[in-house]
Amino acid sequence: MKLSTKGRYGLRAMFALAKSYGEGPLPLGEVAMQEAISEAYLEQLVLTLRRTGLVRSVRGAQGGYELAKAPEEITVGDIIRALDGPMAPSVCVMNEKEGGAKCARSGGCVTQIVWEKIRDGLNEVLDGITLQSMLDDEKRLGAFNTQEKPYKGCVK
């Protein structure tokens, strides 16, 4: 299972906003520069994150974007589901609201039990990590300052 670029970049953008939480809005251009992500692409992501109530925009000369809730109230699962939709390995383990469909083999399919376990385990992990816990991890690890060294992406 692989997360989309939307989910990965959205999480990085939200983490950048979490780092400046309580200091006022952060211009999107600054987030784009810090995270080496196209500003145009970030605009699309932030629009979705704003619609789902995870970020808010502030207009004006000192405007930009900020978290709509405290970092300890936003989970990685909230962000990923807002951008990528439900986290399930198969439509047969999604509810109708999520776009799932009743499978003809439902109730007697052993693989469906596997998909349910994967779905539940993945959601448990994603919902167990908050932006605050990421901030704490960064502090604990002594991560490099992205303002001095722009992040260039993951090594393949």
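Here, the structure is the one placed above.
Fair warning: this is a prediction, and the values are worked out from it, not measured in the lab.

Caption draft 1: Up close: the packing of helix α1 (residues 5-19) against helix α4 (residues 76-84). Interhelical geometry of α1 versus α4 gives an angle of 135° and a closest axis separation of 9 Å. When the interaxial angle is binned, α1 and α4 end up oblique. Relative to α4, the crossing made by α1 is right-handed. Along the contact surface, α1 presents K6, G7, G10, L11 and M14, while α4 presents V76, I79, I80, L83 and D84. When its residues are assigned to classes, the contact of α1 with α4 shows six nonpolar, two polar and two charged.

Caption draft 2: Main features of the packing of aromatic side chains. Across all of its chains, the model carries one aromatic pair by this definition. Where Y9 meets Y41, the ring centres are 5.9 Å apart and the plane angle is 85°; that geometry is what we call edge-to-face. Here Y41 lies in helix α3 (residues 39-51) and Y9 lies in helix α1, a separation of 32 residues in the sequence.

Caption draft 3: Up close: the pairing of strand β1 (residues 55-58). For β1 and strand β2 (residues 64-67), the ladder comprises four bridges, and the chain directions are antiparallel. Within β2, the position partnered with V55 by the bridge is L67. The hairpin formed by β1 and β2 contains five residues between the paired strands, and G60 there has a positive phi angle of roughly 110°.

Caption draft 4: Here's a closer look at the pattern of salt bridges. Going through the model one piece at a time under the given rule, you end up with six salt bridges. Its salt-bridge partner being K19, residue E138 comes within 3.7 Å of it at the nearest N-O pair. Note that E138 is positioned in helix α6 (residues 131-141) and K19 in helix α1, a separation of 119 residues in sequence. Of the residues examined, E138 reaches a relative accessible area of 22% and is grouped as partly exposed. Here K19 falls in the partly exposed class, since its relative accessible area comes to 28%.

Caption draft 5: Main features of unusual backbone geometry. A positive phi angle, close to 55°, is found at A36, a residue other than glycine. Mapped onto the elements, A36 comes out in the loop between α2 (28-35) and α3.

Caption draft 6: Just α3, in detail. Counted at 1.5 Å a residue, the expected span for α3 with its 13 residues is 18 Å, and the 18 Å between its end C-alpha atoms agrees. Regarding α3, the residues found buried are L42, L45, V46 and L49. Along α3, the residues classed as buried sweep out an arc of 100° about the axis, all on the same side. Facing away from the buried side of α3, by more than 90 degrees, are the exposed residues Q44 and R51. Contacts made by the buried residues of α3 are with α1, α2, β1, β2 and α4. Among the residues of α3, the N-terminal cap falls to S38, whose side-chain oxygen and the backbone nitrogen of A40 are separated by 3.3 Å. After α3 finishes, the residue G53 shows a positive phi value of roughly 80°.

Caption draft 7: Region of interest: the environment of Y9. What makes Y9 partly exposed here is its relative accessible area of 23%. Linking Y9 and L45, residues 36 residues apart in sequence, is a C-alpha distance of 8.3 Å. Other than its neighbours up to four places away in sequence, Y9 contacts I37, Y41 and L45.

Caption draft 8: Local environment of the nonpolar core. Ranked by size, the top nonpolar core spans 29 residues in total, and within it M14, L42, I79 and L131 carry the most contacts. Where this core is concerned, the elements lending two or more residues are α1, α2, α3, α4 and α6. Excluding its chain neighbours within four sequence positions, the residues that come into contact with M14 are L49, L54, V55, L67, I74, I79 and L131.

Calculation rules
- Residues numbered from 1 in each chain as written.
- Predicted model: local features only at pLDDT ≥ 70, side-chain atom pairs only at ≥ 80, totals over all residues.
- Heavy atoms only, no water.
- Axes fitted to C-alpha atoms, helices over the stretch in contact; angles between N-to-C directions.
- Helix = DSSP H or I, 4+ residues; strand = E, 2+ residues; numbered from the N terminus.
- Parallel < 35°, antiparallel > 145°, perpendicular 65-115°, else oblique.
- Left-handed = near helix turned anticlockwise from the far one by under 90°.
- Contact = heavy atoms within 4.5 Å.
- Nonpolar A, V, L, I, M, F, W, Y, C, P; charged D, E, K, R; others polar.
- Phe/Tyr/Trp six-rings, centres within 6.5 Å; stacked < 30°, edge-to-face > 60°.
- Pairing = 2+ DSSP bridges.
- Salt bridge = Lys/Arg side-chain N within 4 Å of Asp/Glu carboxyl O.
- Buried < 20%, exposed > 50% of the residue type's maximum accessible area, 1.4 Å probe, protein only.
- Expected span 1.5 Å × (residues − 1).
- Arc of directions from axis to C-beta.
- Polar contact = N/O pair within 3.5 Å; in protein donor to acceptor, adjacent residues only side chain to side chain.
- Core = buried A, V, L, I, M, F, W, Y, C linked by side-chain atoms within 4.5 Å.

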